[in-house]
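Coordinates in review
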Amino acid sequence: IDPQKVPPQRHALGKFNINNNDNGNNDTQVSNNDSLLAYASREMIETALNAASITWRPSTLLLKYSTLLFKTLLKETSNKVITGKAAVAFFRKTKLENSILKSIWNTSSLRKTGSMDFIEFTVAIQLVSLAFSGADISKNGLNNSPQNVPFPVFPESGVDVPKETTNATIHNATANTTDANMFS
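Now for a look at the structure at hand. Because the structure is a prediction, the values reported are computed rather than measured.

Attention now moves to empty space enclosed by the protein. This model, assessed by the stated rule, comprises two cavities of 30 Å³ or more. For the second largest cavity, the calculated volume is near 30 Å³. Lining the second largest cavity are Ile-45, Leu-49, Trp-56, Pro-58, Leu-63, Phe-118, Ile-119, Thr-122 and Val-123. Residue assignment for the lining of the second largest cavity shows that the elements contributing at least two residues are helix H2 (42-51) and helix H6 (118-132). Residue contributions to the lining of the second largest cavity peak at four residues, all from H6. When grouped by side-chain class, the residues that make up the lining of the second largest cavity number eight nonpolar, one polar and no charged.

Structural data, given as structure tokens:
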């Protein structure tokens, strides 16, 4: 990703919250009955990421944050996926360029169905974090992503970044357009 393409007010002056992974390592060892894994078990996450040749694993904090955000988007549907339209509207709030959002969609869309399940949504949240950090938005970029990438914050979601994170600044994504054409 070209850091010049990230909106300067978001990249240079935007706010972030560092997601130091609880104990400093990539910990996804949480029990399956934990509400963190209400939408996908640890085994489901492992299987989906392995099938896509993704070696990166979400931290416990990222799973917690993604769960809270995902839950806000599921209000519109009874199944455990969010529509492409809802996902597009949500991720446009980051105000990242359409070309970057398209790369995020293409990389996180593991099932290629036009909707997002929890695992794909979690991957997309990590990719948004990488985009604001100026990192490569690809499987390779994801697989090589550092563990202390700042979480993006979506104020209109009503979800706060998990409290276990450090007191760094927080990136605020504000509403943009809700045009639902898959970032093209």
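The next point concerns the packing of helix H4 (residues 84-92) against helix H5 (residues 98-108). The contact between H4 and H5 brings their axes to 11 Å, and the two run at 130°. Classified by the angle between their axes, H4 and H5 sit oblique to one another. The way H4 lies across H5 gives a crossing that is right-handed. Contacts between H4 and H5 involve Gly-84, Ala-87, Phe-91 and Arg-92 from the first element and Asn-98, Leu-101 and Trp-105 from the second. Residues that form the contact of H4 with H5 fall into these classes: four nonpolar, two polar and one charged.

This part is about the pattern of salt bridges. In this structure the tally under the stated criterion is three salt bridges. In this structure, the salt-bridge partner of Glu-46 is Arg-57, at a minimum N-O distance of 3.1 Å. Here Glu-46, found in helix H2, pairs with Arg-57, found in the loop between H2 and helix H3 (60-73); they are eleven residues apart in sequence, far enough to count as distant. Its relative accessible area of 10% is what places Arg-57 among the buried residues. Where Arg-111 meets Asp-117, a salt bridge forms, and the shortest distance between an N and an O atom there is 3.2 Å.

Reading the values: rules and limits
- Residues numbered from 1 in each chain as written.
- Predicted model: local features only at pLDDT ≥ 70, side-chain atom pairs only at ≥ 80, totals over all residues.
- Heavy atoms only, no water.
- 1 Å grid on protein atoms, 1.4 Å probe; cavity = no way out; pocket = protein on both sides within 12 Å on 5 of 7 lines; lining within 4 Å.
- Points joined across faces, edges and corners; volume = space filled by probe spheres on them.
- Helix = DSSP H or I, 4+ residues; strand = E, 2+ residues; numbered from the N terminus.
- Nonpolar A, V, L, I, M, F, W, Y, C, P; charged D, E, K, R; others polar.
- Axes fitted to C-alpha atoms, helices over the stretch in contact; angles between N-to-C directions.
- Parallel < 35°, antiparallel > 145°, perpendicular 65-115°, else oblique.
- Left-handed = near helix turned anticlockwise from the far one by under 90°.
- Contact = heavy atoms within 4.5 Å.
- Salt bridge = Lys/Arg side-chain N within 4 Å of Asp/Glu carboxyl O.
- Buried < 20%, exposed > 50% of the residue type's maximum accessible area, 1.4 Å probe, protein only.

Coordinates in, geometry out; function isn't part of it.
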